[in-house]
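# Structural overview for review
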2 protein chains.
Amino acid sequence: MTQNKFPPEVFNPEILDGSDLPAAVIAHRLAGMHPADAIEILNDLDIDDAIAAIAHLPHEQAVNLLDRPELRRTDEIFENLPLNLAGGFLDAMSADRVTDIFQELEDPARTRLFAILDTETKAALKKLLHYPPDTAGSLMTTELISVPATWTVSRTLQHIRDVERSRETVYAIYVVDPATKVLQRVVTLRRLITSEPGTPIISVGHDGNPVTISPLTDREDVARLFRKHDLLAVPVVDDDRHVIGIVTVDDVLDAMTHEMTEDTYKFGGLEAITKPYMEIGFLEMLRKRGGWLSILFLSEMLTASAMQYFEVELEKAVVLALFIPLVMSSGGNSGSQATSLLIRALALQDIKLRDWWKVALRELPTGFALGSLLGIICLIRITTWQMLGLYDYGPHWMLIAATIAAALVGIVTFGSLSGSMLPFILQRLGFDPASASAPFVATLVDVTGLVIYFSVALIFLSGTLL
Amino acid sequence: MTQNKFPPEVFNPEILDGSDLPAAVIAHRLAGMHPADAIEILNDLDIDDAIAAIAHLPHEQAVNLLDRPELRRTDEIFENLPLNLAGGFLDAMSADRVTDIFQELEDPARTRLFAILDTETKAALKKLLHYPPDTAGSLMTTELISVPATWTVSRTLQHIRDVERSRETVYAIYVVDPATKVLQRVVTLRRLITSEPGTPIISVGHDGNPVTISPLTDREDVARLFRKHDLLAVPVVDDDRHVIGIVTVDDVLDAMTHEMTEDTYKFGGLEAITKPYMEIGFLEMLRKRGGWLSILFLSEMLTASAMQYFEVELEKAVVLALFIPLVMSSGGNSGSQATSLLIRALALQDIKLRDWWKVALRELPTGFALGSLLGIICLIRITTWQMLGLYDYGPHWMLIAATIAAALVGIVTFGSLSGSMLPFILQRLGFDPASASAPFVATLVDVTGLVIYFSVALIFLSGTLL
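Parameters at a glance
Residues numbered from 1 in each chain as written. Chains lettered and ligands numbered in written order. Predicted model: local features only at pLDDT ≥ 70, side-chain atom pairs only at ≥ 80, totals over all residues. Heavy atoms only, no water. Helix = DSSP H or I, 4+ residues; strand = E, 2+ residues; numbered from the N terminus. Rg over C-alpha atoms; globule rule 2.2 N^0.38 Å. Buried < 20%, exposed > 50% of the residue type's maximum accessible area, 1.4 Å probe, protein only. Contact = heavy atoms within 4.5 Å. Areas by Shrake-Rupley, 256 points an atom, 1.4 Å probe, with all protein chains shown as cover. Lys, Arg positive; Asp, Glu negative; His and termini not counted. Charge placed at Lys NZ, Arg CZ, Asp CG, Glu CD. Buried area = accessible area lost by both parts, 1.4 Å probe. Salt bridge = Lys/Arg side-chain N within 4 Å of Asp/Glu carboxyl O. Polar contact = N/O pair within 3.5 Å; in protein donor to acceptor, adjacent residues only side chain to side chain. Pairing = 2+ DSSP bridges. Axes fitted to C-alpha atoms, helices over the stretch in contact; angles between N-to-C directions. UniProt positions renumbered as here; feature names shortened; annotations may be inferred. Least-squares fit on C-alpha atoms with pLDDT ≥ 70 in both. Patch = residues over 30% accessible without salt bridge, like charges linked within 9 Å, V, L, I, M, F, W, Y side chains within 5 Å. Core = buried A, V, L, I, M, F, W, Y, C linked by side-chain atoms within 4.5 Å. Phe/Tyr/Trp six-rings, centres within 6.5 Å; stacked < 30°, edge-to-face > 60°. Parallel < 35°, antiparallel > 145°, perpendicular 65-115°, else oblique. Left-handed = near helix turned anticlockwise from the far one by under 90°. Nonpolar A, V, L, I, M, F, W, Y, C, P; charged D, E, K, R; others polar. Expected span 1.5 Å × (residues − 1). Bend = angle between axes of the 7 residues up to and from the residue.

## Quick look at the overall build of chain A
Broken down by element type, chain A carries 22 helices and five strands. A compact globule built from 466 residues should have a C-alpha radius of gyration of about 23 Å, whereas chain A, at 31 Å, is more than 25% larger. Principal-axis analysis of the C-alpha atoms places the extent of chain A at approximately 95 × 60 × 45 Å. Counting across all 466 residues of chain A, residues that qualify as buried make up 55%. A fraction of 67% describes how many contacts in chain A between residues 6 or more apart in sequence connect residues 24 or more apart. Accessible area of chain A: about 19100 Å², with a carbon and sulfur share of 58%. One finds the centroid of the 37 positive side-chain charges in chain A at a distance of 7 Å from the centroid of its 58 negative side-chain charges.

In structure tokens form, the structure reads like this:
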């Protein structure tokens, strides 16, 4: 899709990688590429080659590449770059990106690099490092165009031409009170160029106070606000409505992608991992997966306890054991369907916490109907097998079929109900509803499912098999 | 977060909803609000009140609200608005939004409304309706600023001032060859205003061909491109590189949110639903969930067949039945962990299809280690229960414990391996890897897990229990 003026072989990282080209040659080739393509090549190079190539790039182009969040291993890159080169890069990079890198760096490199930053960068960094991850404060950049309300349109335009030459995108101009620095208005570039040059900047654009966020706003809420108002950037203000930064739409896109990955992991039942799959170390992988797997395993041990309780019944009617996996998995499946529906409904705010009972009232009949559907399928299956002589369920096969069908109705109803309520309970307790993983729901439903199954069996089969 | 100059009670939809205000009063209040807040109120109003309010709004403000994808029930709104009013709105709205609405409308309203559109809107609509959903063609808008390469900067600026007054955001200027109309360059507003007025527009901005997409590019690839190049808009070009539309970042944000919802549903094992939870009808809900639930149920029936095969062993050692749920769920859980990891790795293109064997080589030892972990926990559990006299597993309890631990190692290894390979197989077959749902993986692992379990039991317990 991307059209390039370079021959395709330049874009094949293997050619750069395998052929022991001198760093200067690699740097020269990188300098001529689309930055996004150069990043891909840097990510694929051996770390030493990548560092050498960056060191050989012209300053402005190196900064441009280092500034992109897609570039990986920046901690290693900055640890190994010559110190004065690293300092020059960091001072020229955007503040939000430098913050990300310092969050990844470890001492002693972290302290060493911090010491050589210029005063301005140090101040911005101190402020930004202070905000918790996943908040607007950690997403924002402090570089924005802010002008006093007393300026005219033409003076603002001149200011952009003079001062902001290097920037590719100007999202908006933030107009502040000249004395108090309080945010008064947001003017888009579009409005600026269609206004008369002599107009005071304060009278350009929308009425009404602009949409703003606090540095502690959660990244999910930030994304929701961007969607709601079709924003390209939003100012982050402190309690006195001073602009302390802006969050831009490209950072929101990245944050949404991370959110999507984290939520998928959570739903799959493992801890959040930010690295690409191939870069996760063996021990880290075991830790991230083993923790939840063990917790689920310990909870699932309750099924063994439940079964021990019904061991007498099991010995009398081993045929009951045949259908345990079938019955239990149906409960888990209907539960994970309901959970995935409600996770999204809560995330999109289609449904509020207080509406839990409306959901319960919908899930009850839905679960009942779905359970009946599976029950009927099961009746047909057992009858067919018995009639065709494919398997002999014994003289009481009709009772057995009825037991399983009735248990399915109960278990699928229970599965749908508990699967739909779990995200509400988690949100109420202050957790992310997306933490309601499919394995978690399945485990929850399994234990109860077994109890339902054997209780129904006791009712239906007492006096015959049991 | 959103700051407003209106008193808070105006924003409470219940006040507007419950008090039987005349439509004109509602419209007047809506007209003064942030559009995003007005949309929320319209969504919460009775449909008749919402239609009446829209009919009472000033033309420009009605168009502004109808143009937003967050407004729900637009099919009902357009079916019931007076015909000439509806036509005027549709002609003034953006082409991508009109397309969305026509995709929802059904005949006869659809034909009736199409007939009254002006020629230009009809032509744009015909073109856009033709692209499959979830492609760039269905996301794009045909409204963009394109100028011939022969113009100067000042003429382009004058053109924007004259012709594009109504637009809030100008993403970029598309410079085309005056004769062939082939796209030659993309100029940002930022570059435009910092260039000398007399400069030819063709010499402003980047070298190299601009990033473009085809109308058939998948929305996931579009989102990836936006992230890679930090775009605000991307031109959609046909085979001759004529610009036929642009996809803007706000549409990409919406598309990503839909993608996130669809993927969560798929992973939870149900069909894509685009409506909010509360608006899904009972029968539709049954259809979307019942289909997959039945398919999974039918596949899971294989577990009953597998168990029938081992019925003799089960009758000899009912104690084996006690651990069936535990052993099987561990396979399903490790499988859904691996699946969620690989779904994201493939979606983010951290891993290519051809790397499947690298993943298999990682998952084998990982699964083995995780299975061993659970096996050890299980050994401890059975030994403790036996020693403390909490339960009597019989004289061969050590052999039973060893059977279960060994089965866990096999099943968790198999679960991790098959859970990680499933997304590759689906992608190879041309499906979305995200279709590998947790219930699907669990079902797959359950049947094999039972066979592994009983085979291990036959090896360990032959001559004693079996």
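Having seen the structure, we can now continue with the description.
## A look at the interface of chain A and chain B
One frequently used descriptor of interface size is the decrease in accessible area upon assembly of the parts. Taken together, the 135 residues of chain A in the interface contact 135 residues of chain B. Of the roughly 12300 Å² buried between chain A and chain B, counting both surfaces, carbon and sulfur atoms make up 64%. The interface formed by chain A and chain B holds ten salt bridges in total. Here A:R227 and B:D254 are joined by a salt bridge, their closest N and O atoms 2.8 Å apart. At the junction of chain A and chain B, the tally comes to 42 residue pairs in polar contact (both at pLDDT 80 or more). At 18 residues, helix α16 (residues 282–309) of chain A tops the list of elements feeding residues into the side of chain A that touches chain B.

## Let's talk about the pairing of strand β5 (residues 243–248) of chain A
All names here are of chain A. Of all six residues in β5, six are buried, a share of seventy percent or more. Where strand β4 (residues 233–237) lies against β5, five bridges are found, and the strand directions are antiparallel. Within β5, the position partnered with V236 by the bridge is G245. Where β4 folds back onto β5 in an antiparallel hairpin, the turn is made up of five residues, including R241, whose phi is positive at roughly 60°.

## Side note on the sheet that holds strand β3 (residues 183–187) of chain A
All names here are of chain A. Strand order in this open sheet of three strands is β1-β2-β3, and the pairing throughout is mixed. Bordering the open sheet on either side are β1 (145–148) and β3, each of which pairs with just one other strand. Across this sheet, the average inter-strand angle for adjacent strands is 30°, counted without regard to direction. Inspection of the sheet shows strand β2 (residues 173–176) paired to β3 by four bridges, in the antiparallel sense. Bridge assignment links V176 to a residue of β3, and that residue is L183. The strands that helix α12 (residues 153–163) touches are β1 and β2; relative to β1, the one it contacts most, it runs at about 145°.

## A short note on the UniProt feature "transmembrane region" (unreviewed entry) in chain A
Using the residue numbers shown here, the UniProt feature "transmembrane region" (unreviewed entry) corresponds to residues 364–385, 397–426 and 438–461 of chain A. Taken end to end, residues 438–461 of chain A is 100% helix and 0% strand, and its two terminal C-alpha atoms sit 33 Å from one another.

## What to know about the relation of the copies chain A and chain B
Copy one and copy two of the chain differ by a rotation about a common axis and a shift along it. When chain A is brought onto chain B, the operation consists of a screw motion whose angular component is 180° and whose axial shift is 0.0 Å, with 0.2 Å RMSD remaining. The superposition operator between the copies reduces to a two-fold rotation axis. Take the interface residues of chain A: 100% of them recur as interface residues in chain B, which is what a same-surface contact looks like.

## Side note on a negative patch on the surface
On the surface, A:D46, A:D48, A:E76, A:E79, A:E106 and A:D107 cluster together to form a negatively charged patch. By secondary structure assignment, the location of A:D46 is in the loop between α3 (35–44) and α4 (47–56).

## Concerning the side chain of A:R344
When you line up the elements, A:R344 lands in helix α19 (residues 324–347). Summary of buried charges: A:R344 has no salt-bridge partner, and the nearest side chain of opposite charge, A:D263, is 4.8 Å away. Looking at A:R344, its side chain comes within polar contact range of the side chain of B:T261, at 3.0 Å. Those residues within four positions of A:R344 in sequence are excluded, and the remaining contacts are B:T257, B:M260, B:T261, B:T264 and B:Y265.

## A look at a nonpolar patch on the surface
Residue and element names in this part refer to chain A. On the surface, a cluster of nonpolar side chains totalling about 360 Å² of accessible area is made up of W356, W357 and L361. Inspection of the secondary structure puts W357 in helix α20 (residues 356–387). You can call W357 partly exposed: its relative accessible area is 43%.

## Re the pattern of salt bridges
Evaluated as defined, the whole model comprises 28 salt bridges over all chains. Residues A:K358 and A:D355 are paired through a salt bridge, measuring 3.5 Å at the closest nitrogen-oxygen approach. By relative accessible area, A:K358 is classed as partly exposed at 36%. Looking at A:D355, the relative accessible area reads 13%, which means it is buried. Put simply, B:K266 and B:D432 hold a salt bridge, and the shortest N to O gap is 2.8 Å. Placement of B:K266 in helix α15 (residues 249–268) and of B:D432 in the loop between α21 (397–428) and α22 (438–461) is noted, with a sequence separation of 166 residues between them.

## As for the nonpolar core
If you look at the biggest cluster of nonpolar residues, it comprises 101 residues, and the most contacted ones within it are A:F323, A:Y453, B:F323 and B:Y453. When sequence neighbours within four positions are dropped, the list of residues in contact with B:Y453 reads B:L320, B:F323, B:I324, B:V327, B:I404, B:A407 and B:I411. In this structure, A:A124, A:V243, A:V249 and A:L253 belong to the second largest nonpolar core, which totals 68 residues.

## What about the sheet that holds strand β3 (residues 183–187) of chain B?
Residue and element names in this part refer to chain B. One open sheet accounts for three strands, arranged β1-β2-β3; its pairing is mixed. Looking along the sheet, the strands with just one partner apiece sit at the ends: β1 (145–148) and β3. Taking the axes of each pair of neighbouring strands and ignoring which way they run, one obtains an average angle of 30° across the sheet. Against the sheet, helix α12 (residues 153–163) engages β1 and β2 (173–176), with an angle of about 145° to β1.

## Looking at the packing of aromatic side chains
Geometrically, a pair of aromatic rings is defined through the distance of the ring centres and the angle of the planes. Evaluation of the coordinates by the stated rule reveals 15 aromatic pairs over all chains. Summarising the aromatic geometry, the rings of A:W292 and A:F440 are spaced 6.2 Å apart at their centres and angled 45° between planes, so their arrangement reads as tilted. Residue A:W292 is found in helix α16, and its partner A:F440 is found in helix α22 (residues 438–461); the two are separated by 148 residues along the sequence. In this structure A:W292 comes out as partly exposed when scored by relative accessible area, which is 28%. An angle of 90° between the planes, with centres 5.2 Å apart, marks the rings of B:Y309 and B:F310 as edge-to-face. One aromatic cluster is present, built from ring pairs that chain together A:Y309, A:F310, A:Y453 and A:F454.

## Considering the packing of α16(A) against helix α20 (residues 356–387) of chain B
Across the interface, α16(A) lies against α20(B) with an axial gap of 9 Å and an inter-helix angle of 40°. On the basis of the axis angle, α16(A) is oblique to α20(B). The two elements α16(A) and α20(B) meet at a crossing, and its hand is right-handed. For the contact of α16(A) with α20(B), the per-class residue count stands at 15 nonpolar, five polar and four charged.

## Regarding α21(B)
Residues and elements named next belong to chain B. Here α21 spans 46 Å end to end across 32 residues, near enough to the 46 Å set by a 1.5 Å rise per residue. A bend of about 25° at L422 is the largest found in α21, and the proline P423 appears one to four places after it. After α21 finishes, the residue G430 shows a positive phi value of roughly 90°.

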